[in-house]
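One letter stands for each residue in the lines below.
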Amino acid sequence: METLPLTDDHWGEDDNARRYDEYAREYPSYRETSRDLIALALPSDDAGVADAAVLDLACGTGATTREILSMLGSDGRVTAVDKSAAMLRVAANSTADRRVTWINAPAESVDQHVTEPVDAVICNSAIWQTDVAGTAMAVRAAMKVGSRFAFNVPVDFLDDPDAHRSDDRYPTLLSEMRAIAERDYGRAPDDRGPRRVRNRLTRESICRTLVAAGYDIEQVTDVTHQDSAESQRAWLSIPIFTRDRLLGLPYEDRMRVLGKAYERLGPGHTEQARWVIFVARSSPEMTRS
């Protein structure tokens, strides 16, 4: 197992990584999106799935890693990579399975750390936090020819006509929090765009990037999961997820705002988590040097 350096990152503040791991274990949303990707990247009818070598890219605290391990046999293995040392420390401490190797590295340089080509690559709920073009190239260099790269993007993070919803017609806990913060704390409205998206993505731009990096597009699929108010409340209770969205408000005030929003919408309120899944195969035209 690789030693994890004590580097500083925002996941190490306010015990974010531990809180996130507790959330991922208690609520099914993250596991459901993990299973979506695993089923596409490692179809059960493919020969050799049990012994596959899988790269879990931007693995966080290991929630997807654990789902992948449950699909593999004793000779299967997972290389789990994340740029946050804080997240990886939680993952490594909570998963003692000898079939997994933890690597602290950015997604864009993963090919410098994965020495043996892998049979599949999965990136759950994080690709937009990377330089997608650089990540696609690095991942392609770490893959066997014909293997699959499966990842997902929230619909709201895509600059597509279908991507945006009216908060008036489809109120969410987050939109209610913003409204309460503006009314009760004098916060000015923001652009409401996801702050962690480096460049605004579209389905077409992602597909072009994949083709340019040496992939054949296998499918682009829309999926929807129901997310309970309790799950959303737990997610928004993790400090890092409201720090940028309610910039300037101390955590205690953000939690007061969250409590009011939860009361307003009610515990029976459900939200639709809408995702677009991309699956691409590494093309034989480009091989690892």
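This text follows the structure it describes.
Residues numbered from 1 in each chain as written. Predicted model: local features only at pLDDT ≥ 70, side-chain atom pairs only at ≥ 80, totals over all residues. Heavy atoms only, no water.

> Explain the sheet that holds strand E3 (residues 100-104) to me, please; I cannot follow it from the model alone.
Picture the strands of a sheet paired through backbone hydrogen bonds; they go either parallel or antiparallel. An order of E3-E2-E1-E4-E5-E7-E6 is seen for the seven strands of this open sheet, with the pairing classed as mixed. The sheet is open, and its two borders are formed by E3 and strand E6 (215-228), each paired with just one other strand. Neighbour-to-neighbour, the strand axes of the sheet open up by a mean angle of 15°, direction not taken into account. Pairing geometry for strand E4 (residues 118-123) and strand E5 (residues 143-154), over five bridges, is parallel. Across the sheet, residue Cys123 finds its bridge partner in E5, namely Phe151. (Pairing = 2+ DSSP bridges. Helix = DSSP H or I, 4+ residues; strand = E, 2+ residues; numbered from the N terminus. Axes fitted to C-alpha atoms, helices over the stretch in contact; angles between N-to-C directions.)

> Sorry, what's going on with helix H10 (residues 251-265) here?
Between its first and last C-alpha, H10 extends 21 Å over 15 residues, near the 21 Å set by a 1.5 Å rise per residue. Looking at H10, one finds that the buried residues are Asp253, Arg254, Val257, Leu258, Gly259, Ala261 and Tyr262. Those residues of H10 that are buried lie in contact with helix H6 (173-185), helix H8 (229-236) and helix H9 (239-243). Of the residues flanking the end of H10, it is Gly266, one or two places downstream, whose phi is positive at about 90°. (Expected span 1.5 Å × (residues − 1). Buried < 20%, exposed > 50% of the residue type's maximum accessible area, 1.4 Å probe, protein only. Contact = heavy atoms within 4.5 Å.)

> Please clarify how the packing of H6 against H10 should be interpreted in this entry.
Helix-helix packing is characterised by the crossing angle of the two axes and by the distance between the axes. It is the contact of H6 with H10, at a shortest axis distance of 8 Å, that shows an interaxial angle of 120°. The angle between H6 and H10 falls in the class oblique. Both H6 and H10 take part in a crossing whose hand is right-handed. Facing Leu173, Glu176, Met177, Ile180, Ala181, Arg183, Asp184 and Tyr185 of H6, the residues of H10 in contact are Asp253, Arg254, Arg256, Val257, Leu258, Lys260, Ala261, Tyr262, Arg264 and Leu265. Broken down by class, the residue content of the contact of H6 with H10 amounts to 10 nonpolar, no polar and eight charged. (Parallel < 35°, antiparallel > 145°, perpendicular 65-115°, else oblique. Left-handed = near helix turned anticlockwise from the far one by under 90°. Nonpolar A, V, L, I, M, F, W, Y, C, P; charged D, E, K, R; others polar.)

> What is the right way to look at the environment of Leu72 in this model?
Tracing the backbone through its elements, the reader meets Leu72 in the loop between helix H3 (63-71) and strand E2 (77-82). Once the C-alpha coordinates of Leu72 and Val49 are considered, the two residues, 23 residues apart in sequence, prove to be 6.8 Å apart. Among all residues touching Leu72, those that are not within four sequence positions of it are Val49, Ala50, Ala52, Val54, Arg77, Val78 and Arg99.

> How should I be thinking about the nonpolar core in this particular structure?
As a rule of thumb, nonpolar side chains are buried together in soluble globular proteins. Ranked by size, the top nonpolar core spans 36 residues in total, and within it Phe149, Phe151, Val153 and Tyr215 carry the most contacts. Secondary-structure elements contributing two or more residues to this core are strand E1 (53-57), E4, helix H5 (132-141), E5, helix H7 (203-212) and strand E7 (270-282). In contact with Val153, not counting residues within four places along its chain, are Ile127, Trp128, Leu158, Ile206, Arg274, Trp275, Val276 and Phe278. (Core = buried A, V, L, I, M, F, W, Y, C linked by side-chain atoms within 4.5 Å.)

> I would appreciate a short explanation of the pattern of salt bridges in the present structure.
Two side chains carrying opposite charge are able to pair once their charged atoms lie near each other. Under the definition given, this model contains 16 salt bridges. For Arg281, the salt bridge identified is with Glu218, shortest N-O distance 2.6 Å. With Arg281 in strand E7 and Glu218 in strand E6, this pair connects stretches of sequence that are 63 residues apart. Under the relative-accessibility criterion, Arg281 is labelled partly exposed at 28%. Salt bridges sharing partners connect three or more residues here, namely Glu13, Arg243 and Asp244. (Salt bridge = Lys/Arg side-chain N within 4 Å of Asp/Glu carboxyl O.)

> Please clarify how unusual backbone geometry should be interpreted in this entry.
Most peptide bonds take the trans form, and the phi angle of most residues other than glycine is negative. You will see that Asp14, though not glycine, has its phi angle at about 55°, which is positive. Assignment of secondary structure puts Asp14 in the segment before helix H1 (16-26). Look at Ala58: it is not a glycine, yet its phi comes out positive at around 55°. Along the chain, Ala58 turns up in the loop between E1 and H3.

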